[in-house]
Amino acid sequence: QVQLVESGGGLVQSGGSLRLSCAASGSIFNIDDMGWYRQAPQKQRELVAAITSGGKTDYADSVKGRFTISRDNVKNTVYLQMDSLKPEDTAVYYCNADVRVNSGSYYYSRNYWGQGTQVTVSS
């Protein structure tokens with residue numbers, strides 16, 4: 001009953017910027033942790049950035065100082081501002097969220113993934 005829709009990926013030159021968005025919709029009671037992951041070809045999916053419902057953030061060492069994760073709890077949306085992009089940032093970026101799904105007088109917790117959006121950084 002919950003869907004995550006990502007947008008904002010594309011092709012950018014080294015040193016450029018992109019802003020990814022992920023909007024959650026459906027029978028949502030509340031969203032706890034949200035995060036962005038990425039997966040390059042022939043590599044494991046890795047956590048890029050995460051943000052709690054209270055706004056605490058964590059970043060992979062490789063993106064610290066360049067990427068910024070934020071969220072809008074009213075819009076149920078998480079963002080990833082990517083600056084000073086490098087070719088090694090090229091990957092499919094996935095949104096992830098821990099969602100409390102509304103089921104009337106109660107809810108259940110479930111983890112959801114977005115479909116992924118391609119980010120390509122050229123040299």
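Look up a bit, the structure's there.
The present account deals with the structure reproduced in this document. From a predicted model like this one, the values you see are computed outputs, not experimental measurements.

What counts as what
Residues numbered from 1 in each chain as written. Predicted model: local features only at pLDDT ≥ 70, side-chain atom pairs only at ≥ 80, totals over all residues. Heavy atoms only, no water. Helix = DSSP H or I, 4+ residues; strand = E, 2+ residues; numbered from the N terminus. Contact = heavy atoms within 4.5 Å. Salt bridge = Lys/Arg side-chain N within 4 Å of Asp/Glu carboxyl O. Buried < 20%, exposed > 50% of the residue type's maximum accessible area, 1.4 Å probe, protein only. Disulfide = S-S within 2.5 Å. Pairing = 2+ DSSP bridges. Phe/Tyr/Trp six-rings, centres within 6.5 Å; stacked < 30°, edge-to-face > 60°. Lys NZ or Arg CZ within 6 Å of the ring centre and 35° of its normal.

### Overview of the environment of Q3
Looking at where Q3 falls in the secondary structure, it is placed in strand β1 (residues 2-7). Note: C-alpha distance between Q3 and S25 (22 residues apart in sequence) is 5.4 Å. If we skip the residues at most four places from it in the chain, Q3 touches A23, A24 and S25.

### Observations concerning the pattern of salt bridges
All chains considered together, the criterion is met by five salt bridges. A salt bridge links D89 to R38, with the nearest nitrogen and oxygen atoms 3.0 Å apart. One end of the pair, D89, is in the loop between β8 (77-82) and β9 (91-102); the other, R38, is in strand β4 (residues 28-39), and 51 residues separate them in sequence. In this structure, R66 engages D89 in a salt bridge whose closest nitrogen and oxygen atoms are separated by 2.8 Å. Pair noted here: R66 is in the loop between β6 (57-59) and β7 (67-72) and D89 is in the loop between β8 and β9, with a separation of 23 residues, a long-range link. Comparing R66 with D89, the two get one shared label, buried.

### Describing the state of the cysteines
Counting across every chain of the model gives one disulfide. With its sulfur 2.2 Å from that of its partner, C22 forms a disulfide with C95. Torsion about the S-S bond of the C22 and C95 cystine: about -80°, corresponding to left-handed handedness. One end of the pair, C22, is in strand β3 (residues 18-26); the other, C95, is in strand β9, with 73 residues separating them in the sequence. The pair C22 / C95 is uniform in exposure class, with both members buried.

### Focus on the pairing of strand β5 (residues 46-51)
The pairing of β4 with β5 spans five bridges and is classified as antiparallel. Of the residues in β5, the one forming a bridge with M34 is I51. In sequence, β4 turns back onto β5 through a hairpin of six residues, with Q42 there showing a positive phi of about 60°. Here three bridges tie β5 to β6, and the two strands are oriented antiparallel to one another. Looking across to β6, one finds that A50 is bridged to D58. Connecting the antiparallel pair β5 and β6 is a turn made up of five residues, with G55 showing a positive phi of about 95°.

### Side note on the packing of aromatic side chains
A complete count under the given rule lists three aromatic pairs for this structure. Note on F29 and Y107: the rings are 5.0 Å apart at their centroids and 10° apart in plane angle, and the pair reads as stacked. You can see F29 sitting in strand β4 and its partner Y107 sitting in strand β10 (residues 107-113), a full 78 residues away along the chain. Feature note: the residues Y37, Y94 and W113 constitute an aromatic cluster, connected by ring pairs. A cation over a ring is seen here: R19 above Y79, with NZ or CZ 4.5 Å from the ring centre. The aromatic ring of Y94 is capped on one face by R45, whose charged end is 3.7 Å from the ring centroid.

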